[in-house]
Amino acid sequence: MPREFKILAIYKFVDQPDFESLKAPLAEFCCGRGIRGTLLVAPEGINGTVAGTPGAIDELVGWLSDGNVFGGRFRGAEIKYSFADRQPFYRMKVRLKPEIVTLRAPEANPGRQVGTYVDPEDWNDLIDQDDVVVIDTRNDYEVALGTFRKAQDPHTASFTEFKDYVASELDPQKHKKVAMFCTGGIRCEKASSYMLAQGFEEVFHLKGGILNYLEKVPQDKSLWDGECFVFDERVSVRHGLEIGDAQLCRACRQPLTPADREREAFIEGVQCHHCAGEENASKRAAAAERQRQIELAAAREEAHIGADVRKAAEERRLANTARREADRARNRKG
């Protein structure tokens, strides 16, 4: 049975001094076709994730590639598709930004130089080499859900801190081969360009990111452990891009594993162990009020948008779990 919504993740680094003029036509095109999500537009390119009907998304991709307003600048963009039973975004936003990936390092320009792309099928052989330093360029809360074996965690709260990590932990004279990865590939383009500018000789990055790897590499051959955080209401995905078990804390927005939700500090819809301290009292109060409104709406048998999305995600998780258990049962019989 085909799924109703097609999710498009897209990015491309391209110089565009006229980027501000793109906001209105992008918003008009997407809103006119019921597409929702976020597109970031900056002098260095475009980046974003949106969802809509398969026809609407296909029309958007064709327009970005060949529409006169863009003059072919987005042709050949890095594109990734996935599917969902329900719309994973609340609204459509087009935002103008100084950078599509914020690093605040002018020397990092993927339009001038970038590291060597590595296809998912070749990634295992590369990171298995003893002389290759493997780096997860994502933020700490993303790494906590899952990462590749042997990967270093820079312990960054934002990508701008990656420069400090490189300065303190890496040496071009010592670390001759560096392999990096991120969710969809865009952050690594910026990171690899930055490292080449700092004098590192051989810099590799996973083409299409973790999502491309999880889609193309069979689980029995995978070097990935855990789940991959994604920036929509699916929260996380696993091999085959199936929806994972993580959920967001509604107070601090940190992803929580099933084990995290068993902690004493966890209160559904109100707080988790990350935000249980006094310094987060205002966030917890807002989350508690939101949870109260959800429960009131449920008592009145009214639909609440937040509860509806969470319910749909939970239903998909349960369905995926049942399917995996059925597969394991069939394998045991076989």
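Residues numbered from 1 in each chain as written. Predicted model: local features only at pLDDT ≥ 70, side-chain atom pairs only at ≥ 80, totals over all residues. Heavy atoms only, no water.

Notes on the packing of helix α5 (residues 162–169) against helix α6 (residues 186–197)
In step 1: α6 packs onto α5 with a crossing angle of 40° between their chain directions and a minimal axis gap of 11 Å. Our classification of the angle between α5 and α6 gives oblique. Both α5 and α6 take part in a crossing whose hand is right-handed. Residue-level contacts link F162, K163 and V166 of α5 to A191, Y194 and M195 of α6.
In step 2: Across the contact of α5 with α6, the residue classes break down as 5 nonpolar, no polar and 1 charged. (Axes fitted to C-alpha atoms, helices over the stretch in contact; angles between N-to-C directions. Helix = DSSP H or I, 4+ residues; strand = E, 2+ residues; numbered from the N terminus. Parallel < 35°, antiparallel > 145°, perpendicular 65-115°, else oblique. Left-handed = near helix turned anticlockwise from the far one by under 90°. Contact = heavy atoms within 4.5 Å. Nonpolar A, V, L, I, M, F, W, Y, C, P; charged D, E, K, R; others polar.)

A closer look at the sheet that holds strand β5 (residues 92–96)
In step 1: Pairing is mixed in the open sheet, where 5 strands are placed in the order β4-β1-β3-β2-β5. On the outer flanks of this sheet lie β4 (78–84) and β5, each paired with one strand and no other. With strand direction ignored, the average angle separating the axes of adjacent strands in the sheet is 10°.
In step 2: Sitting on the sheet, helix α1 (residues 23–31) touches β2 (36–42) and β5, and the angle it makes with β5 is about 170°. (Pairing = 2+ DSSP bridges.)

Structural notes on the pairing of strand β7 (residues 132–136)
In step 1: Buried residues dominate β7, accounting for 5 of its 5 residues.
In step 2: Taking every second residue as pointing to the same face, both faces of β7 are buried, with V132, V134 and D136 on one and V133 and I135 on the other. (Buried < 20%, exposed > 50% of the residue type's maximum accessible area, 1.4 Å probe, protein only.)

Considerations on unusual backbone geometry
In step 1: Positive phi outside glycine occurs at R104, with the angle close to 55°.
In step 2: Along the polypeptide, R104 turns up in the loop between β5 and β6 (116–118).
In step 3: Within the chain, L241 stands out as a residue other than glycine whose phi angle is a positive 60°.
In step 4: Residue placement: L241 occurs in the loop between β13 (236–237) and β14 (247–248).

Section: the side chain of N212
In step 1: You can see N212 is positioned in helix α7 (residues 209–216).
In step 2: Overall, N212 belongs to the buried group, its relative accessible area being 9%.
In step 3: Within the structure, N212 has its side chain in polar contact with the backbone oxygen of K207 (distance 2.9 Å).
In step 4: Here N212 is in contact with K80, P120 and K207, once residues within four sequence places are set aside. (Polar contact = N/O pair within 3.5 Å; in protein donor to acceptor, adjacent residues only side chain to side chain.)

Overview of α6
In step 1: With 12 residues, α6 extends 17 Å between its outermost C-alpha atoms, agreeing within 8% with the 16 Å of an ideal straight helix rising 1.5 Å per residue.
In step 2: Along α6, 10 of the 12 residues are buried, which leaves the element largely enclosed by surrounding structure.
In step 3: Buried within α6 are the following residues: I186, R187, C188, E189, K190, A191, S192, S193, Y194 and M195.
In step 4: If you follow the buried residues of α6, they end up packed against β1 (5–13), β3 (45–52), β6, α5, β9 (177–181) and β10 (202–206). (Expected span 1.5 Å × (residues − 1).)

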